[in-house]
Each structure stands twice: as C-alpha cells, then as structure tokens.
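Geometric and topological summary
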Amino acid sequence: MRDWRSGIVTVTVRDSRNREHDPILGVVPLRLSDILTTSSQVTRWYPLDGGIGFGRVRISLLFRSMETRLPPNMLGWDVGTFEFLSDRIVAPGWTQNTKLKLRTGGSVGKIPRALCHTSEGGDGVYWDVSTEANHHVRHRVAQR
C-alpha cells in the first residue's frame, strides 16, 4: 500500500460450507484514515453489509509503520491521467450557458460559466478550454 491515508481495506465474511452457492455473508469496507486517526491499534465490532448474512464481525487492526521516503512518482496516481486535448468541449442540443463539472475516479474539476459560449449554428454550446494552463484539461484517475 503506497499511502495509508487513502487506503481502504475490504473484509469479506464467507460461509465455508461447500453447498452454499453464494457464500458471502457480508462485506465491511474500512477506510484506514478514519480508523487510525487516534491510535495505531484498534479492535471494534463492525456491521455486515451486503451478502446473505446479517450481524456483526469483530475486527482487530494493528498498524506498524516503516521508515521509508518514497519519491513523488511512486506516491502518484495508481491508474493515470485523463486529458482533454481538444480546444473545445461541445454539448449539442444544450441551450443554457452553464459551468461544466468534470469528475473522474480521483479528482473533480470545474470549467467556469465564463468559458461557455453558444455555438455558431445556435444548436448547442461549447466550452473554450484553450485558455487553460498548457491548453489542456487534466484530471487524475486513481481507480478504474
């Protein structure tokens, strides 16, 4: 795990009997930044979510740190970068000037209303992103 502050551990509770078709009793997603805020060891009861079972499961976590200094490229984004290479983002059929919200699995960006213009034919709008830094709109992608 590169960075525990953004890590999520998913615990799956299964039924070990062979005759079960769907042996998943429940799943417990644990965000490490929420659990390890005050101490490096925690033992708690967590409710089962999803699956065919119900109830709670007792989970103990122990965090032991290692002294490492990773370069920024190793702490970087897991999947890559989504980049708009075009100077325009076009929305045909849209009639209102509005801001544009771009969201990937890792970042959220907004293109302001001031960059939204009505197209020449009047049948839609476009956002002129050629004025953005380096003439590209980039967003990180941390998950597939």
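What this report covers is the structure whose coordinates are included nearby. (Residues numbered from 1 in each chain as written. Predicted model: local features only at pLDDT ≥ 70, side-chain atom pairs only at ≥ 80, totals over all residues. Heavy atoms only, no water.)

Some details on the overall build of the chain
Spelled out, the test is: Going along the chain from the N terminus, every DSSP run of H or I of four or more residues is numbered as a helix, and every run of E of two or more is numbered as a strand. Burial classification: accessible surface area is computed with a 1.4 Å probe over protein chains only, and a residue below 20% of its type maximum counts as buried, one above 50% as exposed, and the rest as partly exposed. Residue contacts are counted whenever heavy atoms from the two residues lie within 4.5 Å of one another. For the area figures, the Shrake-Rupley method with a 1.4 Å probe applies, and any residue is considered shielded solely by the protein chains shown.
The helix and strand tally for the chain stands at 1 helix and 11 strands. Counting from the amino terminus, helix and strand elements in the chain follow one another as β-β-α-β-β-β-β-β-β-β-β-β. Per-residue burial for the chain yields a buried fraction of 24% across its 144 residues. Considering only contacts within the chain whose residues lie at least 6 apart along the sequence, 48% involve residues at least 24 apart. Total accessible area computed for the chain in this model is approximately 11000 Å², and 50% of it derives from carbon and sulfur atoms.

Some points on the sheet that holds strand S10 (residues 124–128)
Rule in force here: Here, any two strands with at least 2 DSSP bridges between them count as paired. Here the axes come from fitting lines to C-alpha atoms, over the contacting stretch only for helices, and the angles between their N-to-C directions go from 0 to 180 degrees.
Strand order in the open sheet formed by 3 strands is S6-S10-S9, and the pairing between neighbours is antiparallel. The two strands at the open ends of the sheet, each matched to only one other strand, are strand S6 (88–92) and strand S9 (116–118). For this sheet, the mean inter-axis angle between neighbouring strands, taken without regard to orientation, is 25°.

Thoughts on a positive patch on the surface
Counted only if it meets this: Patch membership requires more than 30% relative accessible area and the absence of a salt bridge. Residues of like charge join within 9 Å; the nonpolar side chains Val, Leu, Ile, Met, Phe, Trp and Tyr join within 5 Å. For this document, the term salt bridge refers to a Lys or Arg side-chain nitrogen within 4 Å of an Asp or Glu carboxyl oxygen. Here Asp and Glu are counted as negative and Lys and Arg as positive; His is not counted, and neither are the chain ends. Working definition for charges: the position is that of NZ of Lys, CZ of Arg, CG of Asp or CD of Glu.
Where like charges cluster on the molecular surface, the positive patch consists of Lys99, Lys101, Arg103, Lys110 and Arg113. Looking at the secondary structure, you find Arg103 in strand S7 (residues 100–104). Assessed through its relative accessible area of 69%, Arg103 is described here as exposed.

So, the pairing of strand S8 (residues 107–111)
Burial along S8 is one-sided: the face carrying Ser107, Gly109 and Ile111 is buried and the face carrying Val108 and Lys110 is not. Relative to S8, S7 runs antiparallel, the two sharing 5 bridges. From the neighbouring strand, Leu100 faces S8, where its bridge partner is Ile111.

A closer look at the pattern of salt bridges
Summed over all chains, the structure comprises 1 salt bridge. Note that Arg88 and Glu120 form a salt bridge whose closest N and O atoms lie 3.5 Å from each other. Taken as a pair, Arg88 in strand S6 and Glu120 in the loop between S9 and S10 lie far apart in primary sequence, 32 residues in all. With relative accessibility at 36%, the residue Arg88 sits in the partly exposed group.

Section: the packing of aromatic side chains
Applicable threshold: Stacked, tilted and edge-to-face are the three classes applied to pairs of Phe, Tyr and Trp rings, where Trp contributes its six-membered ring and a pair requires centres within 6.5 Å; stacked means planes under 30 degrees apart, edge-to-face means over 60, and tilted covers the rest. Consider the ring centre and the ring normal. A charge sits over the ring if Lys NZ or Arg CZ is within 6 Å of that centre and within 35 degrees of that normal.
Tallied over the entire structure, the rule returns 0 aromatic pairs. The ring of Tyr126 has Arg88 sitting right over it, with the charged end atom 3.7 Å from the ring centre.

Regarding the environment of Arg88
Applicable threshold: Contacts described as polar in this section are N or O atom pairs within 3.5 Å, which, within protein, must combine one atom able to donate a hydrogen with one able to accept it, while residues neighboring in sequence count only if both atoms come from side chains.
Considered as a pair, Arg88 and Val125 are 37 residues apart in the sequence and their alpha carbons are 9.9 Å apart. Arg88 has contacts with Glu120, Tyr126, Trp127 and Val129, leaving out every residue within four places of it along the chain. Side-chain polar atoms of Arg88 contact the side chain of Glu120, separated by 3.5 Å.

Comments concerning the side chain of Ser119
You can see Ser119 is positioned in the loop between S9 and S10. With a relative accessible area of 16%, Ser119 lands in the buried category. Residues contacting Ser119, with those up to four places away along its chain left out, are Gly124, Val125 and Tyr126.

Considering the environment of Ile59
On the secondary structure map, Ile59 appears in strand S4 (residues 56–62). Distance from Ile59 to Val11, taken between C-alpha atoms, is 8.9 Å for residues 48 residues apart in sequence. Beyond its immediate chain neighbours, meaning those up to four positions away, Ile59 contacts Val11, Val28, Leu30, Val42, Thr43, Arg44 and Tyr46.

As far as function goes, none of this settles anything; it's purely spatial.
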